[in-house]
Amino acid sequence: MTRGGCAWTAGLILVAVCLEAAVRANDGDAVFIREFTLIRRDHLAEEPFQDASQKPEDPVQSSRTARSEEDRDTLWDAWGSWSECSRTCGGGASYSLRRCLSSKTCEGQNIKYRTCSNVDCPPDAGDFRAQQCSAHADVRYQGQYHEWLPVYNDPENPCALKCKAKGSGLVVELAPKVLDGTRCYTESLDMCISGVCQIVGCDHDLGSTAKDDNCGICGGDGSSCRLVRGHYKTQHASGKTEDTIVVIPFKSRHVRLVLKGPDHLYVESKTLDGVKGELVFDKAGQFHLENTTLDFQKPSDKEILRITGPLGADFTIKVLFSSGADSLVQYIYYQPIIHRWRETDFFPCSVTCGGGYQLTSAECYDLRSGRVVVDQYCHYYPENVKPKPKLQECNMEPCLASDGYKQIMPYDLYHPLPRWESSPWTACSTSCGGGIQSRSVSCVEEDMQGVITTTEEWKCLYSTKTAILQPCNTFDCPVWLAQEWSPCTVTCGHGLRYRVVLCIDHRGLHAGGCNPSTKPHIKEECLVTVPCYKSIDTLPVEAKPVWHKQAIELEETTVTEEPSFIPGPWQTCSRTCGTGTQRRTVKCQVLLSFSQTVADLPDDECEGVKPATSQLCYLTPCSGLSGKGKESKEEEEEEEREEEEGEMPEREELHDWEYDGFTECSEICGGGVQEAVIICLNKQTRQTVDHSLCISSRRPLQLLQDCKTQPCPPRWETGAWSSCSATCGVGLMSRTVACAKQPSRNSNRTEIWRDEDCLNPKPSPIQACNRFDCPPMWDTRDWGQCSRSCGSGGIQKRQVLCKQRLADGSVLEMPDTFCPSKMPQNQQSCTKQECPPQWVTTDWSQCSVTCGSGVQRLQTICRKQGEDGGYFTIDPENCSMMAQPTRIRPCSLRLCDNPVKPNPTILAQRKVYIQWRKGKKLHLVVGGYAYLFPWTTVVLRCPTRHFRKGQIQWLKDGKPLTGLPHFSITSLGYVKIQQVRASDAGVYTCVAGSAQEHFVLQIIGSKQKLSAPETRHLPQEKPKVRQPEETSGGEKFEELPITLNRYDNIVERLLELKGSLQNDKDVADKPHSSEKNRSTLEDNTSELSSLFVLTADTHRLDKLIHNLSGGLRGPQGEQVMAQLLKELTMKQGETNESTLHPPESVESSTQVPLLHKPNVVVHPSRPRSPVIIQRSRKVGAAPSSDLVVNVGVPILLQKLISSLEVRCEALGNPEPSLIWKKNGKDLQYNRRMVLLPSGSLRILSPSKADEGLYSCTARNLLGSSSLSSWLQITGSKGRNCVQSNVMGATVCTDRGNSSRSELCHGQACPLRWRVDAWSPCSVSCGGGSQTRSVRCLKGPEGTSMEMGGQHCLGTGKRPSSTRLCNQLACARSRWASTRWGPCNGRCVGSGLATQHRHVYCQDTNGTKIPYRMCSGFQRPSSLKNCSTEACAFLWRVGPWTQCTATCGRHGFQSRQVTCSNRRTGKATVERYCTWRPRPPSWQRCNLLSCGRGDCRDSTRYCEKVRQLELCPLPQFKSRCCHSCRNT
């Protein structure tokens, strides 16, 4: 093929290059590497050509980019699009092709590469090189198949696929080139591309030389961390057992510690969320803690700890002291600078147009939390240098006419920018009516020490300069307000009338300060249109002088602190009749505030017009000259002076008062007033002149008119702001905002309307306040539990943290040194109630016999703990309420002289075995009863003493046990029944000499009842215990001394209870149940489900049957059966033991049945969280007037009853306490609502008021469980009465008013015991006690009277007031844990994450001790699942690509796998989906055999192979047989 002819297929030659990379095996077969590494995306959907003669369209041409300038100068076409990445994770390679446009040789490469998929692969994805080796496992090499393992770090050719055969050590180069993207070396990012190792930098770029610095920053200069060195020497003499070496913070790297000496290192961790961990190095190797790998080496004389990092939490390196010399520890690490300055973006421009400035600032940034913190953190590192603010011009375009400066908010809260500083405002220019005041404004800077200096104004231009002028005293000046005129002073003719004139200020108060010259007159003439017929001497005088006096008094002006004219009172009129004059004094005065005295000032000190000092007056008209004689000379002179001074009549005629329209309405709606405007008018020119030219006494009356009377629309009404909710750290203020409307003008109330009826915007009802950082303060948590549950000497602790609430509302945990005050106490002593007495075992008693075999008993004493913590022995009567431990062991001192051979005995066990779950084999002992499932294998033992086991004989139903195929009798005397069936039920008898014992076997599910045989066959034996009848044949027969079906009813009820519990568990196991509910129910029922066999003593069941006179189905029977099941399950570890085979040596050692380890998994008795037994029906057959139901089912009462009992039966260890609630609130007990001693709830004469949701909660130390019942009462109206069996009275209820009921007693109420609920256990372990109140009552419910205890002795035994609890022994050390942390751990499921808690070992005093001290106890889990939306992610897969081969073993296909949100479908990083295995992104395909006789293509590139004339090559011809057959 010519060079020019290959030009257009340059991109396809790469396929050939890839296809030529094959390994020739010895058998001649060719092994192909994966072809998809060089498949371009546009090739994946390529269809084969229909006609080979047609020239195919170049697939590269469609995806070509435009040729660059550089390409245009050469003969190359533009580069094609990038191919699909060779790997989906872990770093792969992608390529781009270009073709030569000339028939000549083009200089340069026609392919270029780049890295891709630079994300970590999932942990279970496996090594890429190992995957390539494993792909050859199905190809023979030298005639054999091998499992190939990769060979790493080949120094000669790292990009060849060298693999090693597992087991043989054979190393073979299976391919000359690994797939693109394979790492050259394990500890390097360099990758193999086209068989050549290419350098890859830490920035994942090909050819890059970028490296990580010591701080882990790619291409960094090491400035983001600091080197920390140090050493530490232990001090054994201090008396400590451990000490802290150093605390290495989160994200530190390259940690190295070397300890020389006998002590030992261990590590504690604490994450940013407060989750704590611990790691003790017990051997050399690699350890993992908080996603961090620790390499620990332990040579002979030292310990070396290396951590490459980065650390996943704060690590505290501690040393554990041991005996010997002191140790020396040297350490070195790189600590990240976690608080760094960062420059903010430019603040908004100081102006919106016209040229302004904008600044940057610097803020201290926490790299771990991603939040801004106070500057003190960044000042801690000397390496940190705070950037200086930058200034630049902005918004230089000219302003429009409507735009201008706009104020912006300050941004730097910790280092203030230059700002405008203003001086105080000057005094206002006027006292009212609107004035102006000014101040000076300058630009200032504040340095770190708080010193303020003046600077250039341009530095402050980022914000608007504050105003230097502002209006002031904008309120209206005081105005005169005239009241209504008084009636006329005469009843006929001419008289006078008066009015009150007030000076009203802007607040509506009469305070003075009005202009005296504008004051309206207070007196004017009036005319009464009634003629007067009396003489002049008898004309009426002023009838109501009170008005004149009031006007004069209100006219007086008070002295103020401002200089003002103060007029004195008017003197009497100068004439007694006719028109005279009055005079007064007017002084300029001021009030001296410091002495509260009045001082006179010159008239020029007062502003305004001085009030008149004289005025005309008129008392009565004069008759002739009678008045003249009374005038003085001064009066005449005054009158003449007035006539000379002015020409008053002429002025009055020239100017006069007139109305000139009205003022603006006082209101915009709802009804206001308008005042008529009065002007002084020149009659000739009709021009308005000054009011002084008109005679004030002739001023017209003030006229008012209504205006704007239409009702107002709804408007927003706001209340006053409330006080701030927080004094710092951002709080909230609130106010009421309502849309209101006043119904009418005179109404004092408003009506509230809808918000839509008022215009927007609505005023905000809340606003932020006190938005600044709080000072660091101590935050104290709740006190923990006391270290001792009873007695003295206990302590309790709490967590005390220094926290700061920031202005953004977040809370930052600070170092303790940041809080100013003394740290609150974090530990205090606590005292509990007195510890109850308890039994303590001492020594074994003497042997019961002096010779032969006897027994010894373990002796006990009653002890109590004193106040000093010590124990002392007390009277055993004080421990009578507790079960006394009894232990017996055999003893043998010596052989008795001439012992008499004892009679053989059978060590029977009087037990009833009830199989609880299916199992393969059961071991039982004669003497009792067994109720078993069919198809269970049973081994029935007959332990004997003084009798050879090989001579034991067995009978079934009185006949010898022989001839049955599934029965077998062993040499040890056992009977083994293989897979029992219904026909195997019966009575089995073990005969050992004269002794015999029986065993009754029943099959669960079989309806067959056992019946005693007429006679039983007994073998002839010399020792005789009984004297039976003898038959002629020499055989002896005896009646059966055992009841066959005695316990059938009890077993049936227990199995029914088991079914109800199993139903609860089935509900909990549904897939949609939450994890919490599931785990709780599993804990509650796991004890029952793990039981193999329930074992009960026959005498316990006999006593139960005897006491239950009412039968098992009554209310009492239900309660007793539930209690029995509780006892049997709590003693499961003991009662199950006899069902399992013990060693044979024990049987002959003692007559006392001992307990032994089981051969099946049986859980020992352990504490359990509560579970409430749920039933779906009523309990028992109570009378219709007294109803008993179980909680958990709805209760519908359609007729009146006297009492309702709701039972709540719970199982748990410790025994749970029961709490009742109604509608979510604690139930209040009264005379009708009674809590019974059993924990059940009794409601007497239930009515409508009692309807609701009743919930019973069973709670102990391990958890709680709840069930609820809804009570609904219906019924018709009327009166109904029923006889109450509970109350001993008749209850009558009016159905029309169902809450009303009454009690009518036929006889006095009997005496009875009343008990309250049990108190919580006094201790959590080691044996505690519970108490309850027991009272003797007499009288009806609700009004009963408490009597002495001796009065109720006749009604029955007094109920116990104390009982034992929590009998498990306490350990000196125990595991303790903190509270569960937040639900933000690793995702483990769809919507599920993990939450952590710190688990540590502590002693009885609550002191933390090394965890190995608790190694003997089961460590609580520090991790559990929780629900969170943060983990709502799942894997999404794309379609598979076309297979690379149609047959054979070498075809592959790939697909895209992404981690996406399950709601939005948005892709995210893959670590959120690691809770579920990642679906494979590639797989083998078309694995069918190609067949040696079939000639067909096994790869989709065969058309290209034929076009490139590659068919002559054997490796291509075999793969493309069909396409190459005619070449």
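Residues numbered from 1 in each chain as written. Predicted model: local features only at pLDDT ≥ 70, side-chain atom pairs only at ≥ 80, totals over all residues. Heavy atoms only, no water.

Our next topic: the overall build of the chain. From N to C terminus, the chain includes 15 helices and 103 strands. Among the 1527 residues that make up the chain, the fraction classed as buried is 40%. Long-range contacts, defined as pairs at least 24 residues apart, comprise 62% of the intrachain contacts of the chain with a sequence gap of at least 6. When the accessible surface of the chain is split by element, carbon and sulfur atoms take 51% of a total near 86500 Å². (Helix = DSSP H or I, 4+ residues; strand = E, 2+ residues; numbered from the N terminus. Buried < 20%, exposed > 50% of the residue type's maximum accessible area, 1.4 Å probe, protein only. Contact = heavy atoms within 4.5 Å. Areas by Shrake-Rupley, 256 points an atom, 1.4 Å probe, with all protein chains shown as cover.)

Let us now look at the state of the cysteines. According to the stated counting rule, one finds 35 disulfides in the structure shown. A disulfide bridge connects Cys133 with Cys163, and the sulfur atoms are separated by 2.0 Å. Measuring the twist about the S-S bond at about -80°, one finds the Cys133-Cys163 disulfide to be left-handed. Of this pair, Cys133 sits in helix H3 (residues 128-134) while Cys163 is found in strand E6 (residues 161-165), placing the two residues 30 residues apart along the sequence. (Disulfide = S-S within 2.5 Å.)

With antiparallel pairing, the three strands of this open sheet are ordered in space as E93-E96-E97. Looking along the sheet, the strands with just one partner apiece sit at the ends: strand E93 (1373-1377) and strand E97 (1408-1409). Of the pairings in the sheet, the one linking E93 to strand E96 (residues 1399-1403) comprises five bridges and is antiparallel in character. Pairing of Ser1377 across the sheet is with Val1399, part of E96. (Pairing = 2+ DSSP bridges.)

Following the criterion strictly, the structure yields eight aromatic pairs and no others. The interplanar angle of 10° and the centroid separation of 5.6 Å between the aromatic rings of Tyr377 and Phe818 together place this pair among those described as stacked. Linking Tyr377 in helix H4 (residues 376-379) with Phe818 in the loop between strand E52 (811-814) and strand E53 (827-830), this pair joins segments that are 441 residues apart in sequence. Three or more aromatic residues joined by ring pairs form one cluster here, namely Phe281, Phe287 and Phe296. Arg87 extends its terminal NZ or CZ atom over the ring of Phe128, reaching a point 4.0 Å from the ring centre. (Phe/Tyr/Trp six-rings, centres within 6.5 Å; stacked < 30°, edge-to-face > 60°. Lys NZ or Arg CZ within 6 Å of the ring centre and 35° of its normal.)

Across all of its chains, the model carries 27 salt bridges by this definition. The partner of Glu147 in a salt bridge is Lys166, with the nearest N and O atoms 4.0 Å apart. Of the two residues, Glu147 is situated in the loop between H3 and strand E5 (148-150) and Lys166 in the loop between E6 and strand E7 (171-175); the sequence distance between them amounts to 19 residues. Residue Lys166 is classed as exposed on the basis of its relative accessible area, which comes to 54%. Where Arg1207 meets Glu1205, a salt bridge forms, and the shortest distance between an N and an O atom there is 3.3 Å. Relative accessible area serves as the criterion here: at 5%, Arg1207 is assigned to the buried category. In the salt-bridge network here, residues are joined through shared partners; they are Glu268, Lys318 and Lys1408. (Salt bridge = Lys/Arg side-chain N within 4 Å of Asp/Glu carboxyl O.)

Within the open sheet, the four strands sit side by side as E75-E77-E82-E81. Their pairing is mixed. Two strands bound the open sheet, and with one partner strand each, they are strand E75 (1186-1190) and strand E81 (1233-1235). Going across the sheet, the axis of each strand differs from the next one's by a mean of 20°, ignoring polarity. In this sheet, strand E82 (residues 1241-1244) lies alongside strand E77 (residues 1203-1207) in antiparallel orientation, the contact comprising four bridges. What sits directly across from Leu1204, in E82, is Ile1243. (Axes fitted to C-alpha atoms, helices over the stretch in contact; angles between N-to-C directions.)

Next up on the list: unusual backbone geometry. At the junction of Gly309 and Pro310, the peptide bond is cis and its omega measures out at 0° in the coordinates. The residue after Asn1213, namely Pro1214, is reached through a cis peptide bond having omega 5°. Locating Pro1214 in the fold gives a position in the loop between strand E78 (1210-1213) and strand E79 (1217-1222). Phi at Asn473 takes a positive value of approximately 45°, unusual for a residue other than glycine.

To continue, consider helix H10 (residues 1098-1107). Taken as a whole, H10 has its buried residues at Thr1098, Leu1101 and Leu1104. Down the axis of H10, the sector holding all buried residues measures 120°, keeping them to one side. What points out from H10, more than 90 degrees from its buried face, is the exposed set His1099, Lys1103 and His1106. (Arc of directions from axis to C-beta.)

Now for a nonpolar patch on the surface. Taken together, the side chains of Tyr659, Phe662, Leu701 and Leu703 make up a nonpolar region of the molecular surface, amounting to roughly 330 Å² of accessible area. Looking at the secondary structure, you find Leu703 in the loop between strand E42 (688-689) and strand E43 (704-707). Take Leu703: its relative accessible area is 38%, and that puts it in the partly exposed class. (Patch = residues over 30% accessible without salt bridge, like charges linked within 9 Å, V, L, I, M, F, W, Y side chains within 5 Å.)

Leu924, Trp954 and Phe999 are the most contacted members of the largest nonpolar core, which has 60 residues in total. Contact partners of Phe999, with chain neighbours within four places excluded, come to Tyr913, Leu924, Val925, Val926, Gly927, Gly928, Tyr929, Ala930, Leu940, Gly986, Val987 and Tyr988. Core analysis: the next-biggest nonpolar cluster, separate from the first, contains 27 residues, Leu265, Ala313, Ile317 and Val319 among them. (Core = buried A, V, L, I, M, F, W, Y, C linked by side-chain atoms within 4.5 Å.)

Looking now at the side chain of Asn1461. With respect to the element layout, Asn1461 can be found in strand E101 (residues 1457-1461). Within the structure, Asn1461 has its side chain in polar contact with the backbone nitrogen of Thr1464 (distance 3.2 Å). Contacts of Asn1461, omitting those with residues within four sequence positions, involve Ala1432, Phe1433, Arg1436 and Lys1466. (Polar contact = N/O pair within 3.5 Å; in protein donor to acceptor, adjacent residues only side chain to side chain.)

Further remarks concern the environment of Cys896. Inspection of the secondary structure assignment puts Cys896 in the loop between strand E57 (888-892) and strand E58 (905-906). Residue classification places Cys896 among the partly exposed residues on the basis of a relative accessible area of 26%. In sequence terms Cys896 and Cys851 are 45 residues apart; their C-alpha atoms lie 5.0 Å from each other. Leaving out residues up to four positions away in the same chain, Cys896 has contacts with Cys851 and Gly852.

Let's shift gears to the side chain of Lys741. Residue placement: Lys741 occurs in strand E46 (residues 737-741). Discounting chain neighbours no more than four positions away, the residues touching Lys741 are Cys712, Pro713, Pro714, Thr750, Glu751 and Trp753.

Attention now moves to the environment of Ser734. Following the sequence through the fold, Ser734 ends up in strand E45 (residues 731-734). Sequence separation between Ser734 and Ala720 is 14 residues; the distance between their C-alpha atoms is 8.3 Å. Setting aside its immediate chain neighbours within four residues, Ser734 contacts Ala720, Trp721, Ser722, Pro765 and Ile766.

Right, let's talk about the confidence of the model for the chain for a bit. Of all residues in the chain, 78% have pLDDT values of 70 or greater, and the mean over the chain is 76. Here residues 1020-1038 scores under 50 on pLDDT; set against residues more than four positions off or in separate chains, the count is 30 contacts. Here residues 1276-1308 scores under 50 on pLDDT; set against residues more than four positions off or in separate chains, the count is 75 contacts. (pLDDT = per-residue confidence, 0-100.)

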